[in-house]
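The primary structure of each chain is shown beneath.
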Amino acid sequence: MSALSPDPIAAADSAEAAGAVPVRFVGPEGAIAETARVWAERMGFKGRPGQVVVVPSPDGGIDHVLVGAGKAFDPMSARALSAKLPSGLYRLEAAPEDAQVAALAFLLGRYVFDRYKARKDVADVRLVAPEGFDMGEALHIASACALAREMVDTPAADMGPLQMETIAREIAEAHGATISVTTGDALLEHNYPAIHAVGRAAAPHRAPRIIEIGWNLNRTDRPLVALVGKGVAFDSGGLDIKPAAGMRNMKKDMGGAAHALALGRLVMQAGLDVRLVVLVAAVENAISADAFRPGDILSSRKGLTIEIGNTDAEGRLILADALARASEHSPDLTLDFATLTGAARVALGPELPPLYTDDEGLAADLLAAASEVRDPLWRMPLWPGYRAAIDSELADVRNDSAGWAQGGSITAALFLQTFAPTTGAWAHMDIFAWNPRNRPGWPEGGEAQGLRATYSMLKGRYGKS
């Protein structure tokens, strides 16, 4: 994580706040102070999104900062401030509600992954807390997003199944939650055959496992929320091996697990009025003499058999067992996160994760929350006409859908729906968990997607105890 100052937000009533530099968001038609207009024109400032101009003061300091707001101001543009401004303390000049979102965006933009390389060139930019800003919660949200991003950014050699377990144990211990882990051949004894099959080819110290955190489970008067994450530490594709280009960023294939753990920590930190179960299936899809094969037929925790058409469609296999375990808790709500399909990127690109659910109320709540907190999701159909594409002549289902259906993200979601709990609502998010382009505030690498939206939805539904 970044070595920047641990207090990026200063209290509005602190002594230092009085000297903060104003940051003004200006669109193409926005008014610019007469004293700054000539400077802004000289610097080519047109109020376009992404533009930042530091306006000097007569004494050589900074008088104020102009930030391009575009025609429709997006507070998330403030993610770029820490990368574009010199070190110092700044104050956002915007409507209170916009300023609050922008301040959180600023915190998200401060993330720097410096585990393997010192980043001494990063400026230490800080903000004064806007009016009505919940500093504690904002820091928790930014920290949760940073945790997910750091886990995704960490190379697979240092973020294997054991490291995911270690992080889960730290989260559980910090919040008085229970944790159980079933590892290696014990997965067969405890009826997680699909997880075992996918992960059994890995080296012994990277053995597959199911990690389960339980929080407030004795409070049976509260609704139960289950969070499920795909934790493939590295995906070689198995015997259906990926080409080199497709394998390059497969350290990120545990992004779903990172999101489930980060969101679970947020729920516990906030003390939401729920019982919580977090399930992470952590494996490495490796290649060895014991690797599962195309044509194999696997058992699953639910009792359904699965014909393997492609060993590179392994994420849905481990999620099948994890979702079946979640259903045993009779959850009121289940959310799963997975870097599941390349087809999702073909459909919606890297920045817009598909959301799948057959519950209209949950869809409405998630999409409203996503819009409110500027953490986009796009609802995709669980089209029943494609269900036949995962039928198998030899088993109950197949893990690679028939080619005629084409919609690979949809058929993968239909596969998961087969194993998802039926006691309450369920939603699946096929996230990318990655920024493929480098820009200020959005460095190339791990990204949290849908995490803030799902937390906002949970907070809106259940509130704090």
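Refer to the structure above for everything that follows.
Residues numbered from 1 in each chain as written. Predicted model: local features only at pLDDT ≥ 70, side-chain atom pairs only at ≥ 80, totals over all residues. Heavy atoms only, no water.

**Thoughts on the overall build of the protein chain**
So, step 1. The helix and strand tally for the protein chain stands at 14 helices and 19 strands.
So, step 2. The C-alpha radius of gyration computed for the protein chain amounts to 23 Å, which stays within 12% of the reference 23 Å derived for 465 residues, consistent with globular compactness.
So, step 3. Reported as C-alpha extents along the three principal axes, the dimensions of the protein chain are approximately 80 × 50 × 40 Å.
So, step 4. Out of the 465 residues belonging to the protein chain, those deemed buried represent 57%.
So, step 5. When contacts within the protein chain are restricted to residue pairs at least 6 apart in sequence, long-range pairs at least 24 apart make up 76% of them. (Helix = DSSP H or I, 4+ residues; strand = E, 2+ residues; numbered from the N terminus. Rg over C-alpha atoms; globule rule 2.2 N^0.38 Å. Buried < 20%, exposed > 50% of the residue type's maximum accessible area, 1.4 Å probe, protein only. Contact = heavy atoms within 4.5 Å.)

**Considerations on the packing of aromatic side chains**
So, step 1. Scanning all chains against the criterion turns up 4 aromatic pairs.
So, step 2. Between Phe25 and Phe73, the aromatic rings sit 4.7 Å apart at their centres with planes inclined by 45°, giving tilted as the arrangement. Of this pair, Phe25 sits in strand E2 (residues 21-26) while Phe73 sits in the loop between strand E4 (62-68) and helix H2 (81-84), and the two are 48 residues apart along the sequence.
So, step 3. For Phe25, a relative accessible area of 15% corresponds to the buried category.
So, step 4. Plain terms: the ring middles of Phe415 and Phe419 are 5.2 Å apart, the flat faces sit at 40° to each other, and that makes the pair tilted. (Phe/Tyr/Trp six-rings, centres within 6.5 Å; stacked < 30°, edge-to-face > 60°.)

**Some thoughts on the side chain of Asn399**
So, step 1. Structurally, Asn399 can be placed in the loop between strand E16 (397-398) and helix H13 (408-419).
So, step 2. On the basis of relative accessibility, which here comes to 1%, the residue Asn399 falls in the buried class.
So, step 3. Within polar-contact distance, the side chain of Asn399 engages the backbone oxygen of Ala313 at 3.0 Å. (Polar contact = N/O pair within 3.5 Å; in protein donor to acceptor, adjacent residues only side chain to side chain.)

**Examining the pattern of salt bridges**
So, step 1. Tallied over the full model, the rule gives 30 salt bridges.
So, step 2. Salt-bridge contacts for Lys459 lead to Glu137; the nearest nitrogen and oxygen are separated by 2.6 Å. With Lys459 in helix H14 (residues 451-462) and Glu137 in helix H4 (residues 135-153), the pair connects residues that are 322 residues apart, well separated along the chain.
So, step 3. Look at Lys459 and you get partly exposed, because its relative accessible area is 31%.
So, step 4. Judged by relative accessible area, which is 15%, Glu137 ranks as buried.
So, step 5. In the salt-bridge network here, residues are joined through shared partners; they are Glu212, Arg301, Arg325 and Glu328. (Salt bridge = Lys/Arg side-chain N within 4 Å of Asp/Glu carboxyl O.)

**Structural notes on the side chain of Thr311**
So, step 1. Within the secondary structure, Thr311 is located in the loop between strand E12 (306-307) and helix H10 (315-327).
So, step 2. Of the polar contacts made by the side chain of Thr311, one reaches the backbone oxygen of Gly237; its length is 2.7 Å.
So, step 3. For Thr311, the contacting residues outside a window of four places in its chain are Gly237, Gly238, Leu239, Asp240, Asn285, Phe292, Arg293 and Pro294.

**Some details on the sheet that holds strand E14 (residues 354-357)**
So, step 1. Reading across the sheet, the 8 strands line up as E7-E8-E10-E9-E13-E17-E14-E15 and stay open at both edges, with mixed pairing between neighbours. The open sheet has two edge strands with one neighbour each: strand E7 (178-183) and strand E15 (378-379).
So, step 2. The pairing of strand E9 (residues 224-235) with strand E10 (residues 275-285) spans 10 bridges and is classified as parallel. Looking at the pairing, Val228 lines up with Leu279 of E10.
So, step 3. Each of strand E8 (209-215), E9, E10 and strand E13 (333-338) touches helix H9 (residues 255-270); the most contacted strand, E9, lies at about 145° to it.
So, step 4. Of the strands in this sheet, E13, E14 and strand E17 (425-430) are in contact with H13, which crosses E17 at around 145°. (Pairing = 2+ DSSP bridges. Axes fitted to C-alpha atoms, helices over the stretch in contact; angles between N-to-C directions.)

**What about the environment of Ala12?**
So, step 1. Position of Ala12 relative to the elements: it lies in the loop between strand E1 (9-10) and E2.
So, step 2. C-alpha separation for the pair Ala12 and Phe133, spaced 121 residues apart in sequence, amounts to 9.7 Å.

**Focus on the nonpolar core**
So, step 1. Ranked by size, the top nonpolar core spans 89 residues in total, and within it Met151, Met164, Leu261, Leu333, Leu335 and Leu458 carry the most contacts.
So, step 2. Among the elements that line this core, the one with the most residues is H9, at 10 residues.
So, step 3. Counting 42 residues, the second-largest nonpolar core is a separate cluster that includes Ile195, Val228, Phe292 and Tyr356. (Core = buried A, V, L, I, M, F, W, Y, C linked by side-chain atoms within 4.5 Å.)

**Quick notes on H13**
So, step 1. With 12 residues, H13 should reach 16 Å at 1.5 Å per residue; the first-to-last C-alpha distance of 17 Å fits that figure.
So, step 2. Of all 12 residues in H13, 11 are buried, a share of seventy percent or more.
So, step 3. All buried positions along H13 are accounted for by Gly408, Ser409, Ile410, Thr411, Ala412, Ala413, Leu414, Phe415, Leu416, Thr418 and Phe419. (Expected span 1.5 Å × (residues − 1).)

**Focus: the packing of H9 against H14**
Working note: a packed helix pair is described by the angle between its axes plus the distance between those axes.
So, step 1. For the pair H9 and H14, the least separation of the axes is 10 Å and the interaxial angle reads 35°. Between H9 and H14 the crossing geometry is right-handed. Note on element contacts: H14 touches H9 through Leu451, Thr454, Tyr455 and Leu458, opposite His259, Ala262, Leu263, Leu266, Val267 and Ala270.
So, step 2. Here the residues of the contact of H9 with H14 are counted per class, giving 8 nonpolar, 2 polar and no charged. (Left-handed = near helix turned anticlockwise from the far one by under 90°. Nonpolar A, V, L, I, M, F, W, Y, C, P; charged D, E, K, R; others polar.)

**Structural notes on helix H12 (residues 360-372)**
So, step 1. The end-to-end C-alpha separation of H12 is 18 Å, in line with the 18 Å expected for 13 residues at 1.5 Å each.
So, step 2. Along H12, the positions that sit buried rather than exposed are Leu362, Ala363, Leu366, Ala369 and Ala370. Angularly, the buried residues of H12 cover 140° about the axis, an arc narrow enough to put them on a single face. The exposed set on the far side of H12, more than 90 degrees from its buried face, consists of Glu360, Ser371 and Glu372.
So, step 3. Residues of H12 that are buried in the fold lie against E13, E14, E15, E17 and H14. (Arc of directions from axis to C-beta.)

**With respect to a nonpolar patch on the surface**
So, step 1. There is a patch of nonpolar side chains on the surface, built from Leu239, Ile241 and Ile287 and spanning about 270 Å² of accessible area.
So, step 2. With respect to the secondary-structure elements, Leu239 resides in the loop between E9 and helix H8 (244-247). (Patch = residues over 30% accessible without salt bridge, like charges linked within 9 Å, V, L, I, M, F, W, Y side chains within 5 Å. Areas by Shrake-Rupley, 256 points an atom, 1.4 Å probe, with all protein chains shown as cover.)

**Observations concerning the packing of H12 against H14**
So, step 1. Close contact between H12 and H14 brings their axes to 8 Å; oriented N to C, the two are set at 115°. For the crossing formed where H12 meets H14, the hand is right-handed. For the pair formed by H12 and H14, the contact residues are Gly361, Leu362, Asp365, Leu366, Ala369 and Ala370 on the first element and Ala453, Thr454, Ser456, Met457 and Arg461 on the second.
So, step 2. Partitioned by chemical class, the residues of the contact of H12 with H14 number 6 nonpolar, 3 polar and 2 charged.

Geometric values such as these leave the question of function open.
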